[in-house]
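Fold and geometry: a report
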Amino acid sequence: MAGNICLHDERQPTELVTYVGRHRSVLNLKFSPSEYYLASGGDDGVVNIWDIRKLAKCNKIFAHSVTKALAWCPWRSNVLATGGYETDGSLKLWHAPTGKLLRETTVNSKVCNLLWSSDYKELVTALAGTNFPNVIAIWKDRNPDNYELVGTLQQHEAKPLHLALSPSGSTLASAGSDEIMCLWDCFPCLRKGSQENVFSPISFLKTIR
């Protein structure tokens, strides 16, 4: 049924285990790093947080007008980043179990996708709109009240919809509605003993292929 979220046991792929939620339309699903929680975002703007251990909803967050972009922070337990896909054009950071808003930044663009670099502690955003037309923007998670823009990547001719990091965490892949995929060498592997709070070398960003 439209808007339902279903969990399946991988050992029994044809058997439905449970229904855990409902939106008008589900636009994104993300498990927390611990896999204890599941976040769901929908076209109703709501972000539902589900406790997988209890198979029950533990919080409902009215995040945006439409919520398509979700990303759990790899180094802060229970912290979730969300992006507004329509008119609000904002990035928000939440303590998911309580629904407390930790931070908000207005970007005046549709947030199509989000991704964290755990090595550089930076947030990658796929944006399409007035301020950032079809741009990949990288933000430093340094200021307690706001995100600090590190730089932007411009190659897509239409909305960049998908983001992924290589297993090493050094190469960023982006794919858009223009049917173009770009690979960006923007997070070189850090040497052992190097400082954690460093910026990605944005001046060296380029398309690999």
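Residues numbered from 1 in each chain as written. Predicted model: local features only at pLDDT ≥ 70, side-chain atom pairs only at ≥ 80, totals over all residues. Heavy atoms only, no water.

An unreviewed UniProt entry annotates the chain as Cell division cycle protein 20 homolog of Octopus sinensis.

**Here's the deal with the overall build of the chain**
Spelled out, the test is: Helix and strand definitions follow DSSP, with helices as H or I runs of at least four residues and strands as E runs of at least two, each counted in order from the N terminus. Residue exposure (1.4 Å probe, protein chains only): buried if accessible area is under 20% of the type maximum, exposed if over 50%, otherwise partly exposed. Contacts were defined at the residue level, with two residues in contact if any of their heavy atoms lie within 4.5 Å. What sets the accessible areas is the Shrake-Rupley method with a 1.4 Å probe; for residues, cover comes only from the shown protein chains.
On a plain count of helices and strands, the chain comes out with zero helices and 17 strands. Expressed as a percentage of its 209 residues, the buried residues of the chain come to 48%. Put simply, 38% of the contacts in the chain that link residues at least 6 apart link residues at least 24 apart. When the accessible area of the chain is evaluated, it comes to approximately 10600 Å², of which 50% is carbon and sulfur surface.

**Some thoughts on the pattern of salt bridges**
Filter applied, for reference: The working definition used for a salt bridge is a side-chain nitrogen of Lys or Arg within 4 Å of a carboxyl oxygen of Asp or Glu.
Under the criterion given, the structure shown has two salt bridges. Residue D51 is joined to R53 by a salt bridge in which the shortest nitrogen-to-oxygen separation is 3.3 Å. Since its relative accessible area comes to 7%, D51 is described here as buried. Across the pair E86 and K110 runs a salt bridge, and its minimum N-O distance is 3.9 Å. In this pair, E86 is assigned in the loop between β8 (79-84) and β9 (90-95) and K110 in strand β11 (residues 109-117), connecting sequence segments 24 residues apart.

**Some points on the pairing of strand β10 (residues 100-106)**
In regular strands, side chains alternate between the two faces of the sheet. Convention followed: Here, any two strands with at least 2 DSSP bridges between them count as paired.
Taken together, the six bridges between β9 and β10 define a ladder with antiparallel strand orientation. Each residue of the ladder has a partner; that of H95, found in β10, is K100. Taken together, β9 and the strand that follows it, β10, pair antiparallel across an intervening segment of four residues, in which G99 is found at a positive phi of about 80°.

**As for the sheet that holds strand β5 (residues 46-51)**
Short version of the rule: Only the contacting stretch of a helix is used when fitting its axis, a line to C-alpha atoms as for every element, and angles between N-to-C directions run 0 to 180 degrees.
Judged by pairing direction, the sheet is antiparallel, and its four strands sit side by side in the order β3-β4-β5-β6 without closing on themselves. At either end of the open sheet lies a strand with only one pairing partner, and these are β3 (26-31) and β6 (56-62). Within the sheet, the average angular offset between the axes of one strand and its neighbour, ignoring direction, is 20°. When β3 meets strand β4 (residues 37-42), the two strands line up antiparallel, connected through five bridges. Counterpart to K30 in the pairing with β4 is A39.

**Overview of the nonpolar core**
One recurring pattern in soluble globular proteins: nonpolar side chains tend to sit buried together. The criterion, for reference: Remark: nonpolar core denotes a set of buried residues (Ala, Val, Leu, Ile, Met, Phe, Trp, Tyr, Cys) joined through side-chain atoms within 4.5 Å.
In terms of nonpolar packing, the biggest core is built from 19 residues, with V124, I136, L163 and L172 touching the most fellow members. Among the elements of the structure, β11, β12 (122-129), β13 (135-140), β14 (148-153), β15 (160-165) and β17 (181-185) are those that each provide at least two residues to this core. Setting aside chain neighbours within four positions, we find V124 in contact with N113, L114, L115, I136, A137, I138, L163, L172 and F187.

**Some thoughts on the pairing of strand β7 (residues 67-72)**
Taken across its six residues, β7 has six buried, putting it largely inside the fold. In terms of strand pairing, β7 meets β8 through five bridges, oriented antiparallel. Considered in β8, the bridge of L70 is made with T82. Between β7 and β8, which pair antiparallel one after the other, the connecting turn spans six residues, and N78 there sits at a positive phi close to 70°.

**Side note on the side chain of S40**
Selection criterion: Whenever two N or O atoms come within 3.5 Å, that pair is a polar contact, provided that in protein one can donate a hydrogen and the other can accept it, and provided that, for residues adjacent in sequence, both atoms are side-chain atoms.
One can find S40 in strand β4. There is a polar contact of 3.1 Å between the side chain of S40 and the side chain of W50.

**Quick notes on the sheet that holds β8**
The sheet built from four strands is open, its strands ordered β7-β8-β9-β10 with antiparallel pairing. Edge positions in the open sheet fall to β7 and β10, since each of these has one partner strand only. When strand polarity is set aside, the average angle formed by the axes of neighbouring strands in this sheet is 20°. In this structure, β8 lies alongside β9, joined through five bridges in antiparallel fashion. Bridge pairing in β9 places V79 opposite H95.

**A closer look at the packing of aromatic side chains**
What counts, and what does not: The aromatic pairing rule takes the rings of Phe, Tyr and Trp, using the six-membered ring of Trp, and pairs them if the centres are within 6.5 Å, calling planes under 30 degrees apart stacked, those over 60 edge-to-face and the rest tilted.
According to the stated counting rule, one finds four aromatic pairs in the structure shown. Aromatic side chains Y120 and F187 sit 5.4 Å apart centroid to centroid with 45° between the ring planes, which places their arrangement in the tilted category. Of this pair, Y120 sits in the loop between β11 and β12 while F187 sits in the segment after β17, placing them 67 residues apart in sequence. What makes F187 buried here is its relative accessible area of 1%. Each ring, one from F132 and one from W139, has its centre 5.9 Å from the other, and the planes form 65°; the classification is edge-to-face. For the pair F132 and W139, one class covers both residues: buried.

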